[in-house]
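What the coordinates show
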Amino acid sequence: MGLQMQSHGIQSMLKEGHKHLSGLDEAVLKNIGACKALSIITGTSLGPNGMNKMVINHLDKLFVTNDAATIVNELEVQHPAAKILVLASKAQQEEIGDGANLTISFAGELLQNAEELIRMGLHPSEIISGYTKAINKTVEILEELVENGSETMDVRNKDQVLSRIRAAVASKQFGQEDILCSLVADACIQVCPKNPANFNVDNVRVAKLLGGGLHNSTVVRGMVLKSDAVGSLKQIERAKVAVFVGGVDSSATETKGTVLIHSAEQLENYSKTEEAKIEELIRSVADSGAKVIVSGAAVGEMALHFCERYKLMVLKISSKFELRRFCRTTGAVAMVAVPTSLTQPNPDDLGYVDSISVEEIGGVRVIIVKNEEGGNSVSTVVLRGSTDSILDDLERAVDDGVNTYKAMCRDSRVVPGAAATEIELAKRVKEFSYKETGLDQYAVAKFAESFEMVPKTLAENAGLNAMEIISSLYAEHASGNSKVGIDLKEGVCKDVSTLCVWDLYITKFFALKYAADAACTVLRVDQIIMAKPAGGPKRDQPAGMDED
Amino acid sequence: MSAMMQPQIILLKEGTDTSQGKAQLVSNINACTAVADVVRTTLGPRGMDKLIHDDKGSVTISNDGATIMKLLDIVHPAAKILVDIAKSQDSEVGDGTTTVVLLAGEFLKEAKPFIEDGVHPQNLIRSYRIASNLALEKVKELAVSIEGKSLEEKKSLLAKCAATTLSSKLIGGEKEFFASMVVDAVIAIGHEDRLNMIGIKKVPGGNMRDSFLVNGVAFKKTFSYAGFEQQPKKFLNPKILLLNIELELKSEKENAEIRLSDPSQYQSIVDAEWNIIYDKLDKCVQSGAKVVLSRLAIGDLGTQYFADRDIFCAGRVTEEDLHRVAAATGGTVQTSVNNVIDEVLGTCELFEERQVGNERFNIFSGCPSGLTATIVLRGGADQFIEEAERSLHDAIMIVRRAMKNSTVVAGGGAIDMEISRYLRQHARTIAGKSQLFINSYAKALEVIPRQLCDNAGFDATDVLNKLRQKHALQSGEGANYGVDINTGGIADSFANFVWEPAVVKINAINAATEAACLILSVDETVKNPKSESAQGEAAASAMGGRGRGGAGFRGRGRGMRRR
């Protein structure tokens, strides 16, 4: 470290202000250093006992979380190599929605081990080829580790679902996973379509309401909107719903127009006709059998007046997405605008709800739209918690749970969790490395060693003695108990099948694969050339600050 | 400047402030304790008030935890969490905001020595969660249900809950008076969970005893035009018309334009405009209403027109009040005077204008639906009334919660002592570190009676010892003993009617534990620079200010990205 020599040759060739780094020491090792630093940040958040991070982003919003995807997202990582890890974790988050932390931490560990190899004298390309071999082997082994009988599952069976999402949720909210899991499972099963592969994450909504505690949380079949009904009607049951995207008001021309009045009569009748027209509109809606009007934009006062008169409930949902979901919940077809006076809304376009009611939860008015049967394609998890940050974190846990559900709809295979899989992989890949002849034997062996990071971090985060745990894990696995993992509650090694900690195969598969890919990409870089950023002087000042 | 050449030193954006590790955790705890210390002295009947002078120059005097926390304008990220829980307690229960902050602060304070001794925060968190669950169970077990009592009985029970809340406030001297008022108001609005149906109107002057409750709606006389005084000011069983239109001479529509080719028509246009307004007024009169209220202005023409026909009118009534009148009288607000049918008109037994202090009030009482109530508060200074309003709000919330959940526990620190004893007892059955943590959780709970004593000027140690002895009695008869604020000794809180709804305690313990656990679980703070703000200076000094904690990655000395 500490070799700051700059290649003056190339320096003179390029425009002043650029950065140019090349060679093992300057580029590869520094890149590794940056990635390592990033994985140290996220490392302590791994696993159920992981610590939270307080991240204050540039908009001054406070995040308290241990969700790696959120952390790296808000960190605004600048280093180009570290960014590769961030991208890998994002890919994982998008693909599966969980396991982002494993990706970063594992990639960081791979790179750290690569550094040792480089110091031993191995060339990065040898390490890369070793790592590639190792990951291929890992994937093979991983497939062998899949728990028998987990290939088929009934995605509507709550127990089976629970056992699979438990680990994912527990890693975010340890100690509260039982409550959360059953909420998530209920919500997911409710909206699961006939063909589970079509499960849409968007159909499980989360409504966060301040106050109370997690044990007050519930699942609502339908939607929860954080607003009040517009009119004075606050409750309605078994009603038809008409949805209008545009506002419910007298139609005005977009172009600026002026009404010309020629005589006194016209003036007197002007507002009367307008009133009559709106009445007609509302009546035509009421006549169609609808009891609820949902508007995507403002509801005119006059229109509201007649809605009250015809005993229609009026809701305003200004978010387009919410409106779309509302349509999905009720099975309504959104109409662009209030129908013209002559045509009634098409009865087929009307939706149906079991009940809509305005309730006060924790001092906030919410509209609860319930639809027990029929459509029921949206369900909402109502989360309660004492602070915004807790609620946000709970929401992320729920999101992870829902994503896991989606992943399991695609592929329901599971592997033992709680580091049991990692130790087994470490053992098997190590054995595999002995069979390699070339220099990549070292790389493969290091790859195997990297797996130890998972049990090590888990144990460390739980305040246990990591070395002791790892050695006893190895001992257990060597004697053939390939499902032994860490029981974090008691701090001992146990068979995970008794603990019921399972990870989804697909999560693990992608996390490891992305991590290996990212590590190889970082290793492949031997030169960094950074052009002088635009607006140079601005850049200089903070750099000077580092010197300070 | 070679630092610029090292890419990894800028892993994060420049100006980013990160801090990590035990030191960070301890500093978070210290910040929270400092915040808790601010509100500490406001707890209980003998609590002191805080005068907060904000940057806009307005002065607030309060001892309501949530109000103080809100006004403190805390920027420390960890301490902000305490503000959040105070707010959440406020919205969920309405009272106990000081308690919740104090408890959270105390939990953290108890945790601090353990953290400094190297205990892993997760162990603490786990034990705290267990302790909190045990505590909640205990509260539920100790709670006494008031369900199934007759209305009269229930009323007096609820009044006791309200009195407990009010006793800690500025208007504590008149707690019985206000307690019964609050209970009546809450019972009036019934089970419809609609807080905004209770209006609180403030009129400076007079004294607290002059405050009164209107079983209906009351609002200050609105701006009126000439002719208003000629209108009758008292009606028995009037019909009430609620409008959302202007009764004034004005252009009908902005986008209409009149073009005339014949000057003789001009007069007809003017007449037409008059016709329109007369038509409207006529329709109001024809509807049979004796009281006309509008959210928008009723001009002098309208005022005089109504005065001639013995009708009372008021324009520019605030929307809130109008809705309350609508709910109370059973009418609906009309946006058009055409086709006013009888069922949209409201009614009440008595409408009158009454002088309150130097304000005139329009009062609707004896409303058929009875779903509203209005409290007219009197008192000396503005700040005083403001604080009284907040206190009443707390009391109203408490009574509502008590009605909903119908269980109460003994106040005056009794319940806290009992939980504390229970947890200590439980801790003895646990082997391992958890025993210590649960013990300290139990100790933290004692802060409530201790602070009550401190604030009242009693010897806290002395009183606490007496309390512990009572609570330790095998028979369990001492379970309801709490601090007796009047004598400086101890007394059976339950027998003395110092009650609070169980839900207050449940939520307070829950929220305080959640917050404490959240703060304990944070081991790193990363503060990104604010967008578009040159705060490099601040960040730089912060970076230089702290020591290094990470791996031995020295090399370039000060070039590190962290700390």
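Residues numbered from 1 in each chain as written. Chains lettered and ligands numbered in written order. Predicted model: local features only at pLDDT ≥ 70, side-chain atom pairs only at ≥ 80, totals over all residues. Heavy atoms only, no water.

Per an unreviewed UniProt entry, chain B goes by T-complex protein 1 subunit eta and derives from Quercus lobata. Word for word, the UniProt comment on chain B under Function (unreviewed entry) is "Molecular chaperone; assists the folding of proteins upon ATP hydrolysis. Known to play a role, in vitro, in the folding of actin and tubulin." The UniProt entry for chain B carries the following comment under Subunit (unreviewed entry): "Heterooligomeric complex that forms two stacked rings." (UniProt positions renumbered as here; feature names shortened; annotations may be inferred.)

Moving on, we come to the overall build of chain A. Regarding its fold elements, chain A presents 19 helices and 17 strands. Put simply, chain A has 548 residues, and 57% of those count as buried. Residue pairs in contact within chain A that sit at least 24 positions apart in sequence constitute 75% of those at least 6 positions apart. (Helix = DSSP H or I, 4+ residues; strand = E, 2+ residues; numbered from the N terminus. Buried < 20%, exposed > 50% of the residue type's maximum accessible area, 1.4 Å probe, protein only. Contact = heavy atoms within 4.5 Å.)

The next point concerns the nonpolar core. Membership of the largest hydrophobic core comes to 192 residues, with the highest contact counts inside it found for L383, Y405, F447 and L523 of chain A. Looking at which element gives the most residues to this core, the answer is helix α18 (residues 505–524) of chain A, with 13 residues. If sequence neighbours within four positions are ignored, Y405 of chain A has contacts with V155, V161, I165, C188, I189, C192 and F199 of chain A. Core analysis: the second largest hydrophobic core is formed by 42 residues, I198, A402, M403 and V503 of chain B among them. (Core = buried A, V, L, I, M, F, W, Y, C linked by side-chain atoms within 4.5 Å.)

This brings us to the side chain of D416 of chain B. All names here are of chain B. Relative to the helices and strands, D416 is located in helix α12 (residues 414–427). A relative accessible area of 0% means that D416 is categorised as buried. The residues touching D416, leaving out its near neighbours within four places in the chain, are L445, I448, P449 and K505.

This next bit is on the pattern of salt bridges. Counted by the stated rule, this structure contains 40 salt bridges over all chains. For D523 of chain B, the salt bridge is made with K53 of chain A, and the minimal N-O distance between the two is 2.9 Å. With D523 of chain B in strand β21 (residues 522–527) and K53 of chain A in strand β2 (residues 52–56), this pair bridges two chains. Taking relative accessible area as the criterion, D523 of chain B reaches 9% and is therefore assigned buried. Of the charged contacts, one joins E141 of chain B and K138 of chain B as a salt bridge, the two residues approaching to 3.5 Å between their closest N and O atoms. Of this pair, E141 of chain B and K138 of chain B both sit in helix α5 (residues 121–142), three residues apart, which is roughly one turn of that helix. Its relative accessible area of 8% is what places K138 of chain B among the buried residues. Within this structure, E116, K430, K446 and E449 of chain A form a network of salt bridges that share partners. (Salt bridge = Lys/Arg side-chain N within 4 Å of Asp/Glu carboxyl O.)

Turning our attention to the sheet that holds strand β17 (residues 407–410) of chain B. Residues and elements named next belong to chain B. Taken in spatial order, the three strands make up an open sheet running β4-β17-β20, and their pairing is antiparallel. The open sheet terminates on both sides in strands that have one partner only, identified here as β4 (144–145) and β20 (499–501). Looking at chain direction, β17 and β20 are connected through three bridges and run antiparallel. Bridge pairing in β20 places A410 opposite W499. This element, helix α16 (residues 502–520), spans β17 and β20 of the sheet and lies at about 65 degrees to β20. (Pairing = 2+ DSSP bridges. Axes fitted to C-alpha atoms, helices over the stretch in contact; angles between N-to-C directions.)

Quick look at the pairing of strand β15 (residues 359–365) of chain B now. All names here are of chain B. Within β15, five of the seven residues are buried, leaving the element largely enclosed by the surrounding structure. Sheet topology note: the strand β7 (residues 216–220)/β15 ladder contains five bridges and is antiparallel. Looking across to β15, one finds that F219 is bridged to N362. Judged from the seven bridges that link them, strand β14 (residues 350–356) and β15 form a sheet pairing that is antiparallel. Bridge pairing in β15 places E353 opposite N362. Counted along the chain from β14 to the antiparallel partner β15, the turn is two residues long, and its residue G357 has a positive phi close to 60 degrees.

In this section: the side chain of T303 of chain B. Residues and elements named next belong to chain B. Among the structural elements, T303 can be located in helix α9 (residues 300–308). Take T303: its relative accessible area is 2%, and that puts it in the buried class. Setting aside residues no more than four positions away along its own chain, T303 makes contact with Y225, A226, G227, F228, Q231, I298 and C313.

Before going further, it helps to spend a moment on helix α11 (residues 382–405) of chain B. Here α11 of chain B is 24 residues long and its end C-alpha atoms lie 35 Å apart, about the 34 Å a rise of 1.5 Å per residue gives. Two residues or fewer past α11 of chain B, S406 of chain B is found with a positive phi of approximately 60 degrees. (Expected span 1.5 Å × (residues − 1).)

Below, the discussion takes up the packing of helix α1 (residues 22–40) of chain B against helix α4 (residues 97–116) of chain B. Residue and element names in this part refer to chain B. Running from amino to carboxyl end, α1 crosses α4 at an angle of 145 degrees, the nearest separation of the two axes being 8 Å. Crossing geometry of α1 relative to α4 is assigned as left-handed. Two secondary-structure elements touch here, α1 through K22, L25, V26, I29, N30, C32, T33, A36, V39 and R40 and α4 through T98, V101, L102, G105, E106, L108, K109, K112, I115 and E116. For the contact of α1 with α4, the class distribution of residues is ten nonpolar, four polar and six charged. (Left-handed = near helix turned anticlockwise from the far one by under 90°. Nonpolar A, V, L, I, M, F, W, Y, C, P; charged D, E, K, R; others polar.)

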